[in-house]
Number of protein chains: 2
Amino acid sequence: MCQVTILPGEIVFHARRGAPLRELLLQEGILLDFPCGGRGLCGQCAVEIQPPTESGQGGRKKLPEEALARGLRLACQVQIEGDCTIRIPEEKGIEVAWKDPAAVEGSAPVYGEKLIHRRRLKMEPPSLQDQRADWERLADALQGPPGQTPAVLPPVQAETVEGFARALRAGQWQVEAVFEQEALLCLRPAPAEGEAAAEPVYGFAVDLGTTTVDLSLHNLETGRLLARKALLNRQTAYGADVISRTHNFQEKREEVRAAALETIEECARQLEVEAGVTPEQVVRTAVVGNPIMIHILHGLNPQQLAMAPYIPLVSGLVRRRPQEFGWSFQGCGWVETLPLISAFVGADTVGMILALDLEREPEITLSIDIGTNGEIVLSKAGELLTTSTAAGPAFEGAQISCGMRALEGAVTGFRILPDGGLDLAVVGGGRPKGLCGSGLISGIAELLEAGLLEPSGRLLPPEEVARPELAARLFREEKMLAFRLSDRVFITQRDIRELQLAKGAIRTGIDLLLDAAGVSPESLARIRLAGNFGSGLDIRKTMRLGLIPELPVEKVDVVGNAALRGAALALVSREYRDRAARIHRRCKFLELAARPDFQVRFASSMFF
Amino acid sequence: MCQVTILPGEIVFHARRGAPLRELLLQEGILLDFPCGGRGLCGQCAVEIQPPTESGQGGRKKLPEEALARGLRLACQVQIEGDCTIRIPEEKGIEVAWKDPAAVEGSAPVYGEKLIHRRRLKMEPPSLQDQRADWERLADALQGPPGQTPAVLPPVQAETVEGFARALRAGQWQVEAVFEQEALLCLRPAPAEGEAAAEPVYGFAVDLGTTTVDLSLHNLETGRLLARKALLNRQTAYGADVISRTHNFQEKREEVRAAALETIEECARQLEVEAGVTPEQVVRTAVVGNPIMIHILHGLNPQQLAMAPYIPLVSGLVRRRPQEFGWSFQGCGWVETLPLISAFVGADTVGMILALDLEREPEITLSIDIGTNGEIVLSKAGELLTTSTAAGPAFEGAQISCGMRALEGAVTGFRILPDGGLDLAVVGGGRPKGLCGSGLISGIAELLEAGLLEPSGRLLPPEEVARPELAARLFREEKMLAFRLSDRVFITQRDIRELQLAKGAIRTGIDLLLDAAGVSPESLARIRLAGNFGSGLDIRKTMRLGLIPELPVEKVDVVGNAALRGAALALVSREYRDRAARIHRRCKFLELAARPDFQVRFASSMFF
Ligand code: FES
Ligand code: FES
């Protein structure tokens, strides 16, 4: 592993040799601007790297020799080659979103004011002459000058009130108060004058997916990512898709809800242990998810989301106490769920819109969040048209014979060699253990190109295959035809059918949305593919399968879990949180079920 | 039982033949003014009764013949003689506090604007063209004209949100919304245009006493009392006084809290059954109690209330959801606890101040709430000086050999007849079962006057008693001397000692408070005795015992549970609720423990 230090801010992290710098920066919550989408064309992402790397010198648009000599490189093209220090220039508007507070002095971060801030409070100690209650003494100390928005105390609850009383006494009536805008979240004994600030405060971004629950833990003042982890949503025990969850909710309301709540709790606790953070330091959580998952999270019956005229019970930004979810990973403050756009397009899409800045996208862009549901956003100069379609969990590696998430051992793709051998790409490089979503996509495309699969999706039986070395890889597993990748990993006919349904649903959504907007695929400036299908998705093969329209490869980006990134932005930044609260009123929603041509289109979209 | 109808308002209730009208009016929440304290002297309480009664014609100050012929009677002197209709004249400022809304039209109720009001809301039904969420549709419908205070929706909780969605659909998007000021509490399907208003809404006033929990159930729009009930606080299992409760709270926090919560729940449920009210119709609860009881109710550790410098954790008005207390007797809306004045003077005293209108009392008045703690308020032209003192539960009939609350069978007093027989006053008139607080007071005073008790509190043994018929009533119960009232009821030497401690504590408080204010007992215009010691307290005997300073009898009123009445006022009336929220900042508190002369005074106050 190589040690990477980012200046200003002195953020230190470790990375694998060869890792693309752009992804690392995103992972670390350092939001550098990539105006051309990271294609090495605009030259705007230049940073200084010491020692200078081989990579990132630029292709067609090479950096000037003099700049190269100073260590300037295109961040979007750099791969980590060893220990290094990277300085992000503060001129020319490229800035780190939330740097160490010590480092941002005098510079306005791109992403504006943070939500969390602190203030030192000093009170008269109580005495027989001044017997005001602790709570009222605190309220009096929080009274600002007239005209200023008064601070809001949290609701009176035993834990909060007693915790405050302890902090006031431990700090001998001098405390550091942590606020979210004007809401007081927690009190900590103040550090002695002149000493360093008290310990930082943290928060979680949560993407509550139907299949996968994905969390990231951030420093709320710098925005910095400390740790990230995904777990299988325990709710999958109650069905693979939102319809079976809704069905099960009718009978087992509490159980179905608890399964999701517990998955989040467990994931958050693991991240806290990993990052050395305690629940007392966690003061905020922002959650995204599809409408049904958000309803269930709040204990709300999602039934009417699934019945015409498809009306959510609540669609705005909702703010509640962590205790209302039974969560003990967060000691105080608030949990917020981002708004829903419609009964089918949820807070996860709001997250993607935030993360990809689609509100401010000047060109016609198609953004697709591929998960158990596919959410699709067509954006153009501030107009946002959205739809969603039920893909099933195949892209997350679930309900697939050898499916798995994109963890160590997952096959992310393969190539059939001339001798019939396979060149497998495996996460971590070790023994293949299963197939993740991107492996499934590129694998099926490879079978198609090798002539082992018909455009209808029928896998050829060994007797119809000309090359014996390939025929030998075909076998029957419980009467079903399958193609072997390794001793443990294979793709079955049923897996192929699952993928066909999933890609058919998404492609139908894309086509109908473009139709409705009167936009032809060729006029798209860019396609962005977001989701949990694993890194290394092969764009050419994705197009070969017909999941997305055919476009020049360089117009397509794979952006990872954009929904989670959006949640992280709304977790930390006041501007993004305010945009999230308003955004759903700006989005138009295209109802697919209401379109008479849906079924016909879907049937034809299933073929390769 | 006789049926009594009150006009205006057509309030109908049932009463026992012989029941005093004044008590019935108070019980029903009809606050008629009794300027002379109900002694038949001022003639101000005249009402018209049909058919005219024998009682209430007036004594020394007889009503004029012409008035008597019209059916006018002094309400304070009337006993119910049969079915009757009582008209309260609207002229001369005598008014019903909260009458039926139909009846108050054009007349300003004494107690001002009510807290609860209703509004009819009409919305567009959802459709595929208008897919706004239920919650947002409702929020839009609640948007008043610009400049008007916007309505506040309740917190998003599954029960509330789903309940609203059901009501919106059941009413076909026409609902009646119930508000507490601008806070939306609940929705009910709207009655068809022109039809009667939807069913009324109700609320509970709660006096959470150390020993006794006293509840009243009210119509929130008319203020009318529907039912009232008191239960023994189950917390008595954790000690008789607030100090042992505090002690037990340290180890058994949840248990101690739950005991009080469950007593309230049980009492409220019984009242609902009695009055035919369902939890869905209950939208507000107002609670008073001493500081330690209010802390425990909120789950707050009361420890620091009992240690110098005696600082409450919270002293303001606190507003929480019924679910936070685990209560199912209230379906929606809020529970409020009234503010505390100090660590020793609580919301119960705030209730008494409201009920007796002490803020607006022009003359020097001493008001004493006698319970397990005695709270004392000296009021004079808006100045309020308060203190409190630990009396123990004797006045509530607890920890007394034959003690009981003032229920059927309780001895409320007795007189020793010349032949040594006893004339017992028993609630309900049947067999005596025990002694309530007022029975204990008047009984011990009677023993003292009969020479059976020395001023030191020593009960004479039979051999020292001259009259053999009285000596025969003295016996030893487990080596302790006792005086027999009936085969089952007696007073022991220990009971007398308990009473001595209790009255000593209260009298010391009174004396020190008067001292501190520089007020002599003779300059008091009035003394008001509030508490749960049972009706029929003999004022002369109370003075004989030295519980209160000697004053002309007519200057002393017995006012019943004023704390509960104050809670009921803050439950229903906007003005009283607002006064409650501010009142504690106006009160001065006299710290008795800090006074060096407390112990000396206390020791001498114990004697008779
Ligand atoms: S982002 Fe345009 S060159 Fe790197
Ligand atoms: S109250 Fe004065 S006469 Fe009845």
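Since the structure is predicted, the reported quantities are computational estimates derived from the model, not experimental observations.

So, how was this worked out
- Residues numbered from 1 in each chain as written.
- Chains lettered and ligands numbered in written order.
- Predicted model: local features only at pLDDT ≥ 70, side-chain atom pairs only at ≥ 80, totals over all residues.
- Heavy atoms only, no water.
- Helix = DSSP H or I, 4+ residues; strand = E, 2+ residues; numbered from the N terminus.
- Rg over C-alpha atoms; globule rule 2.2 N^0.38 Å.
- Buried < 20%, exposed > 50% of the residue type's maximum accessible area, 1.4 Å probe, protein only.
- Areas by Shrake-Rupley, 256 points an atom, 1.4 Å probe, with all protein chains shown as cover.
- Lys, Arg positive; Asp, Glu negative; His and termini not counted.
- Charge placed at Lys NZ, Arg CZ, Asp CG, Glu CD.
- Salt bridge = Lys/Arg side-chain N within 4 Å of Asp/Glu carboxyl O.
- Contact = heavy atoms within 4.5 Å.
- Polar contact = N/O pair within 3.5 Å; in protein donor to acceptor, adjacent residues only side chain to side chain.
- Buried area = accessible area lost by both parts, 1.4 Å probe.
- Nonpolar A, V, L, I, M, F, W, Y, C, P; charged D, E, K, R; others polar.
- Domains from an automatic or database assignment.
- Least-squares fit on C-alpha atoms with pLDDT ≥ 70 in both.
- Pairing = 2+ DSSP bridges.
- Axes fitted to C-alpha atoms, helices over the stretch in contact; angles between N-to-C directions.
- Phe/Tyr/Trp six-rings, centres within 6.5 Å; stacked < 30°, edge-to-face > 60°.
- Lys NZ or Arg CZ within 6 Å of the ring centre and 35° of its normal.

**Student:** I keep staring at the overall build of chain A and nothing clicks. Help me out?
**Tutor:** Across its full length, chain A holds 15 helices and 26 strands. Over its C-alpha atoms chain A spans a radius of gyration of 26 Å, differing by no more than 12% from the 25 Å that the globule rule assigns to 608 residues. Counting only C-alpha atoms and orienting by the principal axes, one finds that chain A spans roughly 95 × 70 × 50 Å. The burial tally for chain A puts 61% of its 608 residues in the buried class. For chain A, the exposed surface amounts to about 23,500 Å²; the carbon and sulfur share of it is 51%. Charged side chains of chain A number 68 positive and 78 negative; the gap between the two group centres comes to 2 Å.

**Student:** Quick question: what am I supposed to make of the pattern of salt bridges here?
**Tutor:** Residue and element names in this part refer to chain A. Under the defined criterion, the tally for this structure stands at 78 salt bridges over all chains. Between Arg188 and Glu176 there is a salt bridge whose closest N-O contact spans 3.4 Å. With Arg188 in strand 8 (residues 183–189) and Glu176 in strand 7 (residues 174–180), the pair connects residues that are twelve residues apart, well separated along the chain. Accessibility assignment for this pair places Arg188 and Glu176 in one class, buried.

**Student:** Would you take a moment to explain helix 6 (residues 242–251) of chain B for this structure?
**Tutor:** Side chains that are three or four residues apart share a direction in an α-helix, a result of its 3.6 residues per turn. All names here are of chain B. Residues Val242, Arg245, Thr246, Asn248 and Phe249 constitute the buried set of helix 6. In this structure, the buried side of helix 6 is in contact with helix 7 (253–275), helix 8 (291–297) and strand 16 (373–380). Capping the start of helix 6, Asp241 holds a side-chain oxygen 3.1 Å from the backbone nitrogen of Ile243, two or three residues further along.

**Student:** Is there a simple way to explain the interface of chain B and chain A in this structure?
**Tutor:** Often, the extent of an interface is quoted as the loss of accessible area upon association of its parts. With 38 residues of chain B at the contact, the number on the chain A side is 38 residues. Approximately 3,000 Å² of surface area, both sides summed, lies buried where chain B meets chain A, with 57% of it carried by carbon and sulfur atoms. Across the pair A:Glu162 and B:Arg253 runs a salt bridge whose closest N-O atoms are separated by 2.9 Å. At the junction of chain B with chain A, the criterion picks out 25 residue pairs in polar contact (both at pLDDT 80 or more). Of all the secondary-structure elements, those providing two or more residues to the side of chain B that touches chain A are helix 4 (134–142), helix 5 (158–170) and strand 13 (318–320) of chain B. Here the side of chain B that touches chain A takes five residues from helix 5 of chain B, the largest share from any one element. Counted by class, the side of chain B that touches chain A contains 17 nonpolar, nine polar and twelve charged residues.

**Student:** Please clarify how the domain arrangement of chain A should be interpreted in this entry.
**Tutor:** All names here are of chain A. Here the domain parsing of chain A yields domain 1 (2–104), domain 2 (116–189), domain 3 (202–337) and domain 4 (395–498). Tallying the contact residues gives ten residues for domain 2 and eleven residues for domain 3. Each partner contributes to the roughly 980 Å² buried at the junction of domain 2 and domain 3, and carbon and sulfur atoms together form 52% of this total. Of all residues in domain 2, the largest losses of buried area upon contact with domain 3 belong to Ile116, Glu180 and Leu185, amounting jointly to 46% of the total for that side.

**Student:** Just checking my understanding: could you explain the relation of the copies chain B and chain A for this structure?
**Tutor:** Put simply, the second copy of the chain is the first one after a rotation about an axis and a shift along it. Mapping chain B onto chain A calls for a screw motion: a turn of 179° about the axis and a shift of 0.2 Å along it, with 0.8 Å RMSD after fitting. Accordingly, the operation relating the two chain copies is best matched by a two-fold axis. The rotation axis passes nearest to the C-alpha of B:Glu324 in chain B, at a distance of 5.2 Å. Take the interface residues of chain B: 100% of them recur as interface residues in chain A, which is what a same-surface contact looks like.

**Student:** Please explain the sheet that holds strand 2 (residues 11–15) of chain A as it appears in this structure.
**Tutor:** In sheet architecture, strand pairing relies on hydrogen bonds along the backbone and comes in two forms, parallel and antiparallel. Residues and elements named next belong to chain A. Spatially, the five strands line up as an open sheet ordered 2-1-5-3-4, and their pairing is mixed. Every other strand in the sheet has two partners, leaving strand 2 and strand 4 (72–74) as the edge strands with one partner each. Averaged over neighbouring strand pairs, the angle between their axes works out to 35° when direction is ignored.

**Student:** Explanation requested: the sheet that holds strand 15 (residues 365–370) of chain A in the structure shown.
**Tutor:** All names here are of chain A. If you trace the six strands from one edge of the open sheet to the other, you get 25-24-15-16-17-26, paired in mixed fashion. Bordering the open sheet on either side are strand 25 (556–560) and strand 26 (587–589), each of which pairs with just one other strand. The sheet shows a mean angle of 20° between the axes of neighbouring strands, direction not considered. As paired strands, strand 15 and strand 16 (residues 373–380) are joined by six bridges and run antiparallel to one another. Counted as the bridge partner of Leu366 is Leu378 from strand 16.

**Student:** Explain the pairing of strand 22 (residues 480–484) of chain A to me, please; I cannot follow it from the model alone.
**Tutor:** Looking down a regular strand, the side chains alternate between one sheet face and the other. Residues and elements named next belong to chain A. Sheet topology places strand 21 (residues 474–477) next to strand 22; four bridges connect them, and they run antiparallel. Within strand 22, the position partnered with Phe475 by the bridge is Ala482. Taking the residues between adjacent antiparallel strands as the criterion, strand 21 and strand 22 are bridged by two residues, where Glu478 takes a positive phi near 50°. As defined by bridge partners, strand 22 adjoins strand 23 (residues 490–492) across three bridges and the pair is classed as antiparallel. In the strand pairing of strand 23, Arg484 is matched with Phe490. Counting the residues that bridge the hairpin from strand 22 to strand 23 gives five residues.

**Student:** So what exactly am I meant to see when it comes to the packing of aromatic side chains here?
**Tutor:** Aromatic ring pairs are described here by two measures, namely the spacing of the ring centres and the angle between the planes. Applying the stated criterion across every chain, the model contains 18 aromatic pairs over all chains. The interplanar angle of 55° and the centroid separation of 5.1 Å between the aromatic rings of A:Tyr310 and A:Phe344 together place this pair among those described as tilted. Taken together, the positions of A:Tyr310 in the loop between helix 7 (291–297) and strand 13 (318–320) and A:Phe344 in the loop between strand 14 (334–337) and helix 8 (347–355) put the pair 34 residues apart, joining distant regions of the chain. What makes A:Tyr310 buried here is its relative accessible area of 16%. Ring geometry for B:Phe325 and B:Trp327: centres 4.7 Å apart, planes at 20°, overall stacked. Its relative accessible area of 4% is what places B:Phe325 among the buried residues. An aromatic cluster is present here, built from A:Phe204, A:Phe325, A:Trp327 and A:Phe329 joined pairwise through their rings. The ring of A:Trp334 has A:Arg321 sitting right over it, with the charged end atom 4.9 Å from the ring centre. Here the basic side chain of B:Arg320 rests over the ring of B:Phe325, its NZ or CZ set 5.4 Å away from the ring centre.

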